[in-house]
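The primary structure of each chain is shown beneath.
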Amino acid sequence: MTKKTVAFLAVCVACQSALYAGEPSERYYTTDEVVVTSSHFSEKEKESARFITVADSEKLKKTGATNAIEALSRIGGLGYKSLAPLGVNKLGMNSSVYIRGMADGELILVNGMPVQQAASKGYDLSAISIDQIERIEVLKGAASTLYGADAMSGVINIVTKKPSGETSATASVEFGNESWMNHGVSVNLPGATIGFRYQHMGELDNVGRQFTNKYTNALDETDRYMFSLNLSPFADTYIDYQYSGYETGFIDRYDSGLVERTDQQSDFHFLNIRYESDVFKAKLYGVYDNRVQTEYVDGVFESEVERLNYNYGAETDYRFLFSRGFELSVGADYVHRYAEYSNIYGEKSRDDYGVFAELKKRFGDDVILTFGGREQFIDNEAETTDYNVFLPSVGLMWKASDDLNLFANAGKAFQAPTFTQLYYDSKTIKGNPDLKPESGWSYETGFKWNCDCASARISGFWMTYDDKIQIDRKTKPYRYFNAGAYETKGIEWELGLRPFYGEAGILGRVSLSAAGYWADPVSEDIYGEKYQPGPKFQNTFGITYASIPFGLDLRCRILAGRQDNLDNYTAFDLSGRVKAGPGNVTVAVENLFDTEIQTSGNLVETASSRYVYYDPGRLLRVGYAVAL
């Protein structure tokens, strides 16, 4: 056991032994908990034949995260990659998460609707404030039957908050080192919720190093503005709008003395209108993501580039409930994807549309058998091949006892090439319009167990795919090709324990948790040589104390067996609140021991480009939040 781990546990014990006893608020999975990601319609998490992580708003706040991508990096069970602090989009390169060690296989949804760009499958989840999230559902394994293209390794569905029907208001302020500020206000009215948040971070030096080209990276001052509006004008009808805009700059300081700077202004809009009942759903949505980059060399204007992505689409679902335990869900969806990258490939678009059905059969109260199928169509530009593929799936859930459910599933996955892979056109990189989609199968089996004081979800998995899209960097210009197979197999877990459940006093309010995976991801390049595409091990340990006057959450994040010679790391985070007057004093310390964390990079000696990006280090935040 390392000294940092001992210190971490000692702080936990010391803090918990000094607390005033109140009413606990921490809980674990119950059979009444429902999710929609695995079925389009609500179902009990324990009855799903899939491994699903559900993090509600309280759990997300306890991580100390300020936005969705930070929260995903801390809840456990996901690898994390970032090219700039705060999860900021760096010149079109986004922060992302790995599911089961598989890179670029996740599909990102907001309220069940896809928000990823067609240009490079990027997503900027730093644009969604944590206080506007009702819950995050993470479904592991292939989900293309329900969600079509891009749901290769799993689906992450961010569900925004609905109007509560009450009249209230909240306000918060927060300050920290590195000139950190995080201030927000939210107003709840019958049928409407309005929120605004402002965040600021000062300049951060040495957040990356480019060894091949010999320069260091810095992030200039960052200002972010977030606005949200949630309406429910009629029963079961919701209108959700999210906006995030930020300004920042990226500074490259060469060893030779040359300084290159890129100022970046980004605007993200998300709008959906949805009707949701127990048997019928209809949705319309749109996503608009625009980024303007202005480049300077030694303070002299060089160029300005604008990159625009937007999606819009619709979906409808209907559920038929029959006698004898039969249930049939059918639906259709359509997505139009557009990107304008004038300096790379101009304007490009594609249309995704599909029809799907899912049949469930209940055998008494103990067994649920599920069959699903989707016919997926993708219409590309005229010079590119269109795609048409059938995507089946099957799942089985068996209630072995009141506490224990066993499950298994298998499904076919499908992922279309991005616009960058198809059309990129520069002196150094060429797209390939003849690329085939990636496709394959995902298999999984495990169990879900819970009692009053503990819960466990454990799953073994094997995910295997063909036609991995790779880039050949041995000859110039670089070009994309379909390579060989790639796969990942391993085990995933999510565990919770209240070791002193039922006891009065302090110890009865202490809970422990662990969430993570071990995997063996392997991929082939275009020459048939195998390499590791993602991290092999991730786990987050947590110790939580929850009462009315006081709350404390301490977490230990571990990422190991990393790819590209990146260093393993163990980082500790603390967040807490103390009742003070009409509100709560909040405290958060990210990276408690100021560990060096390499968030992404390639440090292989033979790599054509060697580089690394770093976490900015310890961040201490103190604030006050009040309900008005």
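These figures come from a predicted structure and were not determined experimentally. (Residues numbered from 1 in each chain as written. Predicted model: local features only at pLDDT ≥ 70, side-chain atom pairs only at ≥ 80, totals over all residues. Heavy atoms only, no water.)

Our focus in this paragraph is the sheet that holds strand S7 (residues 113-114). Two modes of strand pairing occur in sheets, parallel and antiparallel, and in both the strands are linked by backbone hydrogen bonds. With respect to topology, five strands assemble into an open sheet ordered S3-S8-S9-S6-S7, the strand pairing being mixed. Here the strands that pair on one side only, and so sit at the sheet edges, are strand S3 (52-56) and S7. Bridge count between strand S6 (residues 106-110) and S7: two bridges; the pairing is antiparallel. For leucine 109, the partnering residue across the bridge sits in S7 and is proline 114. (Pairing = 2+ DSSP bridges. Helix = DSSP H or I, 4+ residues; strand = E, 2+ residues; numbered from the N terminus.)

Right, let's talk about the nonpolar core for a bit. Counting residues in hydrophobic clusters, the biggest one holds 31 residues, and the most contacted among them are Leu72 and Leu125. Counting only elements with at least two residues in this core, the list comes to helix H3 (68-72), strand S4 (78-81), strand S5 (96-99), S6, strand S8 (133-140), strand S9 (154-160), strand S17 (259-276) and strand S18 (280-297). Once you skip the residues sitting within four places of it in the chain, leucine 72 turns out to touch Leu78, Val97, Leu125, Ile136, Val138 and Ile156. (Core = buried A, V, L, I, M, F, W, Y, C linked by side-chain atoms within 4.5 Å. Buried < 20%, exposed > 50% of the residue type's maximum accessible area, 1.4 Å probe, protein only. Contact = heavy atoms within 4.5 Å.)

This next bit is on the sheet that holds strand S28 (residues 469-472). Pairing is mixed in the open sheet, where three strands are placed in the order S25-S29-S28. Edge positions in the open sheet fall to strand S25 (429-430) and S28, since each of these has one partner strand only. Where S25 lies against strand S29 (residues 478-482), two bridges are found, and the strand directions are parallel. Residue pairing in the sheet places lysine 430 in a bridge with arginine 479 of S29.

So, about unusual backbone geometry. Proline 477 follows lysine 476 through a cis peptide bond whose omega is 0°. Structurally, proline 477 can be placed in the loop between S28 and S29. A positive phi angle, near 55°, is found at arginine 100, a position not held by glycine. With a relative accessible area of 0%, arginine 100 lands in the buried category. Here lysine 121, not a glycine, exhibits a phi torsion of approximately 65°, which is positive. With respect to the helices, strands and loops of the structure, lysine 121 is situated in the loop between S7 and S8.

Empty space left among the atoms is revealed by rolling a probe the size of a water molecule over them. For the second largest pocket, the calculated volume is near 1400 Å³. As for the second largest pocket, its lining consists of 50 residues, of which Glu58, Lys61, Asp131, Thr586 and Ala625 are closest to the centre. Class assignment of the residues belonging to the lining of the second largest pocket gives a composition of 15 nonpolar, 22 polar and 13 charged. (1 Å grid on protein atoms, 1.4 Å probe; cavity = no way out; pocket = protein on both sides within 12 Å on 5 of 7 lines; lining within 4 Å. Points joined across faces, edges and corners; volume = space filled by probe spheres on them. Nonpolar A, V, L, I, M, F, W, Y, C, P; charged D, E, K, R; others polar.)

A few words now on the side chain of threonine 237. On the secondary structure map, threonine 237 appears in strand S16 (residues 237-254). Threonine 237 gets classed as buried once you look at its relative accessible area, which sits at 15%. With residues near it in sequence (within four places) discarded, threonine 237 still touches Leu231, Ser232, Arg274 and Tyr275.

A complete count under the given rule lists ten cavities of 30 Å³ or more for this structure. There is about 280 Å³ of room inside the largest cavity. Tallied by class, the residues present in the lining of the largest cavity amount to ten nonpolar, six polar and five charged. Lining of the second largest cavity is provided by 21 residues; of these, Pro114, Tyr147, Asp333, Val335 and Arg337 occupy positions nearest its centre. Listing elements by their share of the lining of the second largest cavity, those giving two or more residues are S6, S7, helix H4 (144-147), S18, strand S19 (300-321), strand S20 (326-341) and strand S22 (367-379).

So, about the pattern of salt bridges. The full count for this structure, using the stated rule, is 33 salt bridges. Close ionic contact of lysine 360 with glutamate 43 constitutes a salt bridge, the shortest N to O distance being 2.7 Å. With lysine 360 in strand S21 (residues 346-363) and glutamate 43 in strand S2 (residues 43-44), this residue pair connects regions lying 317 residues apart in the sequence. Assessed through its relative accessible area of 12%, glutamate 43 is described here as buried. Aspartate 333 is paired through a salt bridge with arginine 374; the nearest N and O atoms lie 2.8 Å apart. (Salt bridge = Lys/Arg side-chain N within 4 Å of Asp/Glu carboxyl O.)

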